[in-house]
2 protein chains.
Amino acid sequence: MMHLDSGYMITVLSGGTGTPKLLQGIKKIINPEELTVIVNTLENNYFSGVYVSADVDTVLYTLSDLINDKTWYGLKEDTFITHERLEELGFHETLRIGDKDRALKIQKTELLKEHSLREAVEIQKNALGIKSEVLPMSNQQCKVKIDTDKGLMDFHEFLIEDKSQAEVTDVIYGEVNPAEGVIEAIENSDHVIIGPSNPITSINPIIMMPGVKKELRKSYVTAVSPFIGKSAISGPANKFMKAKGYESNCYGVCQIYEDFLNHYIINNSDEKYKDIIKEIIPDVSTENIILKTMDDKINLAKKIINYF
Amino acid sequence: MMHLDSGYMITVLSGGTGTPKLLQGIKKIINPEELTVIVNTLENNYFSGVYVSADVDTVLYTLSDLINDKTWYGLKEDTFITHERLEELGFHETLRIGDKDRALKIQKTELLKEHSLREAVEIQKNALGIKSEVLPMSNQQCKVKIDTDKGLMDFHEFLIEDKSQAEVTDVIYGEVNPAEGVIEAIENSDHVIIGPSNPITSINPIIMMPGVKKELRKSYVTAVSPFIGKSAISGPANKFMKAKGYESNCYGVCQIYEDFLNHYIINNSDEKYKDIIKEIIPDVSTENIILKTMDDKINLAKKIINYF
């Protein structure tokens, strides 16, 4: 296993599914102290009385090797006793929260009575023995609304109850300010990595916060495409891309990042997009970006980090 | 098993330990539709983000045969996965809440966003298949404070964290109004039974609500002493009795109830108090009021109901 061990600082911008897979590879090849993860908080909300910061919790579980990497939320081998009892009592719990996972959410909810989200996550990452930095993008609450042919929906309503079936006409969210440490993390990084997460609802909310783009322009930034051909690797990114006027493929994604992107990695099978991408991002690589095995994840992490 | 099956309506005033034991006996000998339980809500409060109506939940679990009758809170055979995980994460949960029990508390907390406590309990008792009426004494929040030589404490702080060690100088609680149905239940009862619960913190809060004493004076009321000699059958009743200026024995208790009590049942071993009690309550019986076995509970229930 390669360790750079060079004080080479990496900041990863992350959503809740694609990028955590890449994080599993990155954490195998660098020291944990060299890694900062800035995590999307756009969909944070209360469910069944607990504050759910879904992407942050997924990153916390990923970095502590507890993640259920079949579903990409919650802990592997968790139980669902409370959830199932709620159903028996006639209470429908929108999110299927595991018993151990619920403990993390209860603790966060209680911590938020006296702490910012940033502080609460700091306490929780320490409790989980994580030595990397985990920064929620913002302490401010900001809900994302999905405008569809069936009407305006909350994000979880669209994802879970509608199962992403509706036609999406717009994705709407307000502006929030970055949490303390977010701008500094990018400023102090040798390398910023944008993982293969949904560009509209996971990465763009981070990028659009005041001050972030300015720092990204000064940094060396690599992005990994979240598309294979016209299909998003996970989730409903293609619907969101179209609603925002972008092609739902790796070319559409780099248009969103073109302002600051230095190196763009697309899948081997997307070679055909290389020429058109080169018109806006000179440095494009093709790699295997389908992250199924730990070897896939480590290989991609090495390619990203060694390329620089 | 005897069933009266006569439309004979019984209302029981209950706290969270002594009276539920008696309820186990009463429910064996009458039809569930003939029983209403008015339950103390004085100590209701939020713990770990969920609303805990401890005595109400104990009565719900008692009437649905789910109660853990070793501890008199929570369900028998529950697990504590979330509670134990909270401890691992460094969050001390004041109450040890089981996983299934937590579901009831989460549901109640969510129901309270749109319903009164009375309505929430109605929904939950139906979900648990309970055919008796269960009425929280009040929909209003009222905290009890225990004044001690160590300072003013919340009730749970005194009971759990201090383990009832401090010397009690006063028990303080504000006035609340009865929930809908409470006055009517007493009015429509053939027999009101005050179980062997703490007179100061469980029964008196019910009695002191506006309108309750007036109805009790019109009813036939039986009370079971919560004392054996100078010791409370359970909990710190003796400290509370002394703080309020009463003797901590069965005589002190009937002084609190003398205004409306028709029949008073004390333990066989407390025969010596019979004469002094008769000066204020003419009708006094001695029975075995130590409720260890189901036979003990059924026998006492029969004595109470058949005496009338």
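This structure is a prediction, so every number in the text was calculated from the model and none was measured.

Cut-offs applied
Residues numbered from 1 in each chain as written. Chains lettered and ligands numbered in written order. Predicted model: local features only at pLDDT ≥ 70, side-chain atom pairs only at ≥ 80, totals over all residues. Heavy atoms only, no water. Helix = DSSP H or I, 4+ residues; strand = E, 2+ residues; numbered from the N terminus. Rg over C-alpha atoms; globule rule 2.2 N^0.38 Å. Buried < 20%, exposed > 50% of the residue type's maximum accessible area, 1.4 Å probe, protein only. Contact = heavy atoms within 4.5 Å. Areas by Shrake-Rupley, 256 points an atom, 1.4 Å probe, with all protein chains shown as cover. Lys, Arg positive; Asp, Glu negative; His and termini not counted. Charge placed at Lys NZ, Arg CZ, Asp CG, Glu CD. Least-squares fit on C-alpha atoms with pLDDT ≥ 70 in both. Buried area = accessible area lost by both parts, 1.4 Å probe. Salt bridge = Lys/Arg side-chain N within 4 Å of Asp/Glu carboxyl O. Polar contact = N/O pair within 3.5 Å; in protein donor to acceptor, adjacent residues only side chain to side chain. Nonpolar A, V, L, I, M, F, W, Y, C, P; charged D, E, K, R; others polar. Patch = residues over 30% accessible without salt bridge, like charges linked within 9 Å, V, L, I, M, F, W, Y side chains within 5 Å. Axes fitted to C-alpha atoms, helices over the stretch in contact; angles between N-to-C directions. Parallel < 35°, antiparallel > 145°, perpendicular 65-115°, else oblique. Left-handed = near helix turned anticlockwise from the far one by under 90°. 1 Å grid on protein atoms, 1.4 Å probe; cavity = no way out; pocket = protein on both sides within 12 Å on 5 of 7 lines; lining within 4 Å. Points joined across faces, edges and corners; volume = space filled by probe spheres on them.

## As for the overall build of chain A
So, point 1. Within chain A, the regular secondary structure consists of 13 helices and 14 strands.
So, point 2. Computed over the C-alpha atoms, the radius of gyration of chain A is 19 Å, within 12% of the 19 Å expected from 2.2 N^0.38 for a compact globule of 308 residues.
So, point 3. Along the first, second and third principal axes, the C-alpha set of chain A runs to 60 × 50 × 35 Å.
So, point 4. Counting all 308 residues of chain A, 59% fall into the buried class.
So, point 5. The contacts in chain A between residues at least 6 apart in sequence include a share of 66% that link residues at least 24 apart.
So, point 6. As displayed, chain A has an accessible area near 12200 Å², and 46% of this comes from carbon and sulfur atoms.
So, point 7. The distance from the centre of the 34 positive side-chain charges to the centre of the 46 negative ones in chain A is 3 Å.

## Comments concerning the relation of the copies chain A and chain B
A rotation about some axis, followed by a shift along it, carries one copy of the chain onto the other.
So, point 1. After a rotation of 180 degrees and a shift along the axis of 0.0 Å, chain A superposes on chain B with an RMSD of 0.0 Å. Taken together, the rotation and translation describe the operation of a two-fold axis.
So, point 2. Counting the interface residues of chain A, we find that 100% of their copies in chain B are interface residues as well, pointing to one common contact surface.

## Re the interface of chain A and chain B
In many reports, interface size means the accessible area that the parts give up when they come together.
So, point 1. On the side of chain B, 22 residues touch chain A, which itself brings 22 residues to the contact.
So, point 2. Both faces considered, chain A and chain B share a buried interface measuring about 2100 Å² in area, 70% of it formed by carbon and sulfur atoms.
So, point 3. In this structure, the connection of chain A to chain B is made through zero salt bridges.
So, point 4. The interface formed by chain A and chain B contains six residue pairs in polar contact (both at pLDDT 80 or more).
So, point 5. Every element with two or more residues in the side of chain A that touches chain B is listed here: helix H3 (81-88) and helix H4 (99-111) of chain A.
So, point 6. If you tally residues by element for the side of chain A that touches chain B, the top one is H4 of chain A, at eight residues.
So, point 7. Its residues placed into classes, the side of chain A that touches chain B shows 11 nonpolar, six polar and five charged.

## Considerations on a negative patch on the surface
Residue and element names in this part refer to chain A.
So, point 1. Residues Glu119, Glu180, Glu184 and Glu187 make up a contiguous surface patch of negative charge.
So, point 2. Within the secondary structure layout, Glu180 lies in the loop between strand E8 (168-173) and helix H7 (182-187).
So, point 3. Classification of Glu180 as partly exposed rests on a relative accessible area of 42%.

## Notes on helix H11 (residues 250-257) of chain B
All names here are of chain B.
So, point 1. Among the eight residues in H11, seven count as buried, and that is most of the element.
So, point 2. Restricting attention to buried positions, one finds in H11 the residues Cys250, Tyr251, Gly252, Val253, Cys254, Ile256 and Tyr257.
So, point 3. Two or three places before Tyr251, at the start of H11, stands the capping residue Asn249, its side-chain oxygen 2.9 Å from that residue's backbone nitrogen.

## A short note on the packing of H4 of chain A against helix H3 (residues 81-88) of chain B
So, point 1. Between H4 of chain A and H3 of chain B, the least distance of the axes is 8 Å, while the angle of their chain directions is 50 degrees. Taken together, H4 of chain A and H3 of chain B sit at an angle that is classed as oblique. For the crossing formed where H4 of chain A meets H3 of chain B, the hand is right-handed. Here Asp99, Lys100, Arg102, Ala103, Ile106 and Gln107 of chain A of H4 of chain A come into contact with H3 of chain B, specifically with Ile81, Thr82, Arg85 and Leu86 of chain B.
So, point 2. Tallied by class, the residues present in the contact of H4 of chain A with H3 of chain B amount to four nonpolar, two polar and four charged.

## What to know about empty space enclosed by the protein
So, point 1. Counted according to the given criterion, the structure contains one cavity of 30 Å³ or more.
So, point 2. Estimated volume of the largest cavity: approximately 100 Å³.
So, point 3. Looking at the largest cavity, it is lined by 14 residues, and the ones nearest its centre are Gly49 and Val50 of chain A together with Ser48, Gly49 and Val50 of chain B.
So, point 4. Residue assignment for the lining of the largest cavity shows that the elements contributing at least two residues are H4 of chain A together with helix H4 (99-111) of chain B.
So, point 5. Tallied by class, the residues present in the lining of the largest cavity amount to four nonpolar, six polar and four charged.

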